[in-house]
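# Working through the structure, step by step
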Amino acid sequence: MPNVDLIKHMEDPLIHIPKEPPPCIIVVDTREQKPYKFKTPTIKHALVTGDYSVRNFETDMTVERKSLDDLIKCVGSQRDRFMDQMHRLKHFKHRMLMIDCSWDQIDMGGWRSRKVTPNHVKGTLCSIMSMGIPVTVAGDRKRATDLTARFLTGCYRREWLWLRKRLMDRLD
């Protein structure tokens, strides 16, 4: 249900608006080949931008995930497509680029592409940060999964409580 429908639904005088939000449901993009395994409930749905979002808030919040191998391709041969993705991502109210490797792994280099150096990767990540997109280099996949879930559920809770307050103020 888009936010406009949610607002109309919550404005119905017969609708009880609970003090706490309903459980968060993380949306996993259908194209995600190796999705994170969250403890939070999930559904699969095609997302326009990003790999993870929250049901009913797909236009407000998203996380784009990159493994080290994906990141190297994005800095090298797929840079134009990746930067187009980042330009779409920057328009979300809540957004993040989640990297599921460590800075040490980036610094070591050692990947197949000799054209992409650790400095290229760091420069690209700094460019993305300068666009106003938070970049989290999580260290490993497990931590990236946990941080992605915390980010999305935290954004969902704040947005839901803001909507609830806004609607309660209208009803008073």
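Here we summarise the structure given alongside this text. (Residues numbered from 1 in each chain as written. Predicted model: local features only at pLDDT ≥ 70, side-chain atom pairs only at ≥ 80, totals over all residues. Heavy atoms only, no water.)

Along its length, the protein carries 6 helices and 6 strands. Scored against the burial criterion, the 172 residues of the protein give a buried share of 46%. Accessible area of the protein: about 10,100 Å², with a carbon and sulfur share of 53%. (Helix = DSSP H or I, 4+ residues; strand = E, 2+ residues; numbered from the N terminus. Buried < 20%, exposed > 50% of the residue type's maximum accessible area, 1.4 Å probe, protein only. Areas by Shrake-Rupley, 256 points an atom, 1.4 Å probe, with all protein chains shown as cover.)

Core analysis: the largest hydrophobic core is formed by 22 residues, its most contacted members being Tyr52 and Leu152. Where this core is concerned, the elements lending two or more residues are strand E1 (26-28), strand E3 (52-54), strand E4 (61-66), strand E5 (94-99) and helix H6 (141-171). If you tally residues by element for this core, the top one is H6, at 8 residues. Discounting residues that sit within four places of it in the chain, Leu152 has contacts with Ile26, Tyr52, Ser53, Val54, Met61 and Val63. Ranked by size, the runner-up nonpolar core spans 21 residues in total, among them Leu89, Ile99, Leu125 and Val135. (Core = buried A, V, L, I, M, F, W, Y, C linked by side-chain atoms within 4.5 Å. Contact = heavy atoms within 4.5 Å.)

Turning next to the pairing of E5. Where burial is concerned, most of E5 is hidden: 6 out of the 6 residues are buried. Side chains of E5 alternate between two faces, with His94, Met96 and Met98 and Arg95, Leu97 and Ile99 buried alike. Of the pairings in the sheet, the one linking E4 to E5 comprises 6 bridges and is parallel in character. Bridge assignment links Val63 to a residue of E5, and that residue is Met96. In the sheet, E5 pairs with strand E6 (residues 135-137) via 3 bridges, with the strands oriented parallel. For Leu97, the partnering residue across the bridge sits in E6 and is Val135. (Pairing = 2+ DSSP bridges.)

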